Amino acid sequence: MNRRILLSAAGGGTLSAALPIYGRPSWRPSEPADRHQVRREEVAALRRAVAAVRHGDSRYGGGSAQAQAAAHLLDQWALPLFGRPLSATREHELCAICAELARLAGWAALDTGRHAAARRHFDRALYWARAADDLDATTYVLATMALHATLYSRPATALDMIQGALGPAMHHASTRVLAFTRLIEARAHARASEGRAAGTALAAAERLLDAAPPDGTPEWLDFFTHPRLAADAAEIHRDLGDSRACFAWHDQAEAMAPNAFTRSVGMRLAVVATAHLKAGDLEQSLALGHRSVDNLQQVASRRARDYVLRLVSGLTPHRDLRPVGAFLTRVRLELSIPAR
């Protein structure tokens, strides 16, 4: 492939501020140009940095320094390596790392409400995944793009993307990647109020996940376990207006570790709180709402706050009740979300 750096560099925060010491590459791009072949240790250091970004995003949100480091790592650390000699194996590895960094940069942009930037980063991720000739990564990026469309009122576009992803992937992608893709399909159907299609896709996702071998899971998909599927399933059924199924899936999702999946847990609690509110259980809705705030108060995520904002909107007609007023005050003070 052409090793010129084809995409313009974008600025970012300092890497040292964003990553723990074990997640930083051991070389610096400001050092004099090194014409030696890219070493395995350099690629391994980048992989550790990518893992630190991914885990930081999940715990602290897309607006955190950890998550914001993705674009900086891509443009200032990974891409310059293409200017040095690369073996074919190392080139494919580096393309795959660039794909994941671009996807993480897109996810951070999505999480902070910068949707045009998210689309640009996802386009870059798709380019690098294809350059790596990595069908799993390509399918995962397309599923992530479809999720972006699903979350922001474009379920028909999301379903088109899913079909585009599943076409070449159905007989060649890994089982776990296919399971995740079918889960995103279920979410898109639910946002389009297509209950039967959502149920079919969700059942397929669960079967595939159950059949996935425990070894060989791509590192970037290690979060996708049954509790994570259950968390998404709770939201799917909330969107479809099936409170009973929402609560049942929520019980299965409670195994998710809040100290590792802080944003996801906080968002799920807000989702289930809205379902309880719609079902007429104000007390349980507030209890889960408080738990959601407990998780999200240190998470920099506009997307997560939008989930709480939906709960706030539903509670507003009850704001004269003391417990509701206390919750709305807490949300305003701790999450900077104004009461409506």
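Structure: see above.
Conventions adopted
- Residues numbered from 1 in each chain as written.
- Predicted model: local features only at pLDDT ≥ 70, side-chain atom pairs only at ≥ 80, totals over all residues.
- Heavy atoms only, no water.
- 1 Å grid on protein atoms, 1.4 Å probe; cavity = no way out; pocket = protein on both sides within 12 Å on 5 of 7 lines; lining within 4 Å.
- Points joined across faces, edges and corners; volume = space filled by probe spheres on them.
- Helix = DSSP H or I, 4+ residues; strand = E, 2+ residues; numbered from the N terminus.
- Salt bridge = Lys/Arg side-chain N within 4 Å of Asp/Glu carboxyl O.
- Buried < 20%, exposed > 50% of the residue type's maximum accessible area, 1.4 Å probe, protein only.
- Axes fitted to C-alpha atoms, helices over the stretch in contact; angles between N-to-C directions.
- Parallel < 35°, antiparallel > 145°, perpendicular 65-115°, else oblique.
- Left-handed = near helix turned anticlockwise from the far one by under 90°.
- Contact = heavy atoms within 4.5 Å.
- Nonpolar A, V, L, I, M, F, W, Y, C, P; charged D, E, K, R; others polar.
- Patch = residues over 30% accessible without salt bridge, like charges linked within 9 Å, V, L, I, M, F, W, Y side chains within 5 Å.
- Areas by Shrake-Rupley, 256 points an atom, 1.4 Å probe, with all protein chains shown as cover.
- Lys, Arg positive; Asp, Glu negative; His and termini not counted.
- Charge placed at Lys NZ, Arg CZ, Asp CG, Glu CD.
- Phe/Tyr/Trp six-rings, centres within 6.5 Å; stacked < 30°, edge-to-face > 60°.

### A short note on empty space enclosed by the protein
Think of a ball as big as a water molecule: rolled over the atoms, this probe shows where empty space is left. For the structure on display, the rule yields one cavity of 30 Å³ or more. In this model, the largest cavity occupies a volume close to 30 Å³. If you go around the largest cavity, the residues you meet are T150, R187, A190, R191, E235, I236 and D239. Put simply, the parts of the chain that give the lining of the largest cavity at least two residues each are helix 8 (175-191) and helix 10 (226-239).

### Comments concerning the pattern of salt bridges
Inspection of every chain in the model, using the stated rule, returns 22 salt bridges. We note a salt bridge from E42 to R84, for which the minimum N-O separation is 2.9 Å. Taken together, the residues E42 in helix 2 (residues 40-60) and R84 in the loop between helix 3 (65-78) and helix 4 (88-111) connect sequence positions 42 residues apart. Note on R84: relative accessible area 9%, which makes it buried. As a salt-bridge pair, R263 and D111 come within 2.9 Å of each other at their nearest N and O atoms. Pair noted here: R263 is in helix 12 (residues 262-278) and D111 is in helix 4, with a separation of 152 residues, a long-range link. Across the pair, exposure class does not vary: R263 and D111 are buried alike.

### Things to note about the packing of helix 2 against helix 3
Packing of helix 2 against helix 3 leaves a shortest axis separation of 8 Å and a crossing angle of 155°. In this view, helix 2 runs roughly antiparallel relative to helix 3, as classed from their interaxial angle. Crossing hand, helix 2 versus helix 3: left-handed. Counted together, L46, A49, V53, G56, D57 and Y60 of helix 2 and Q66, A67, A69, A70, L73, W77 and A78 of helix 3 form the full contact between these two elements. Tallied by class, residues from the contact of helix 2 with helix 3 come to ten nonpolar, two polar and one charged.

### A few points about the environment of L286
Its location among the elements puts L286 in helix 13 (residues 282-296). As a C-alpha pair, L286 and T274 span twelve residues in sequence and 9.3 Å in three-dimensional space. With residues near it in sequence (within four places) discarded, L286 still touches L315, P323, V324 and F327.

### Some remarks on a positive patch on the surface
Together, R114, R119, R120 and R154 line one region of the surface with positive charge. If you trace the backbone, R154 turns up in the loop between helix 6 (135-151) and helix 7 (155-169).

### Section: the layout of surface pockets
What the largest pocket holds in volume is close to 520 Å³. Elements represented by at least two residues in the lining of the largest pocket include exactly helix 2, helix 4, helix 6, helix 8, helix 10, helix 12 and helix 14 (302-315). Looking at the lining of the largest pocket residue by residue, the classes come out as eleven nonpolar, four polar and eleven charged.

### Considerations on the packing of aromatic side chains
A full pass over the atoms with the stated rule returns seven aromatic pairs. With a centroid separation of 5.0 Å and an interplanar angle of 25°, the aromatic rings of F82 and W128 are classed as stacked. In this pair, F82 is assigned in the loop between helix 3 and helix 4 and W128 in helix 5 (residues 115-131), connecting sequence segments 46 residues apart. Of the two residues examined, F82 and W128, each falls in the buried class. Arranged with centres 6.0 Å apart and planes meeting at 90°, the rings of F180 and F223 form a pair that is edge-to-face. Placement of F180 in helix 8 and of F223 in the loop between helix 9 (195-211) and helix 10 is noted, with a sequence separation of 43 residues between them. Judged by its relative accessible area of 15%, F223 falls in the buried class.

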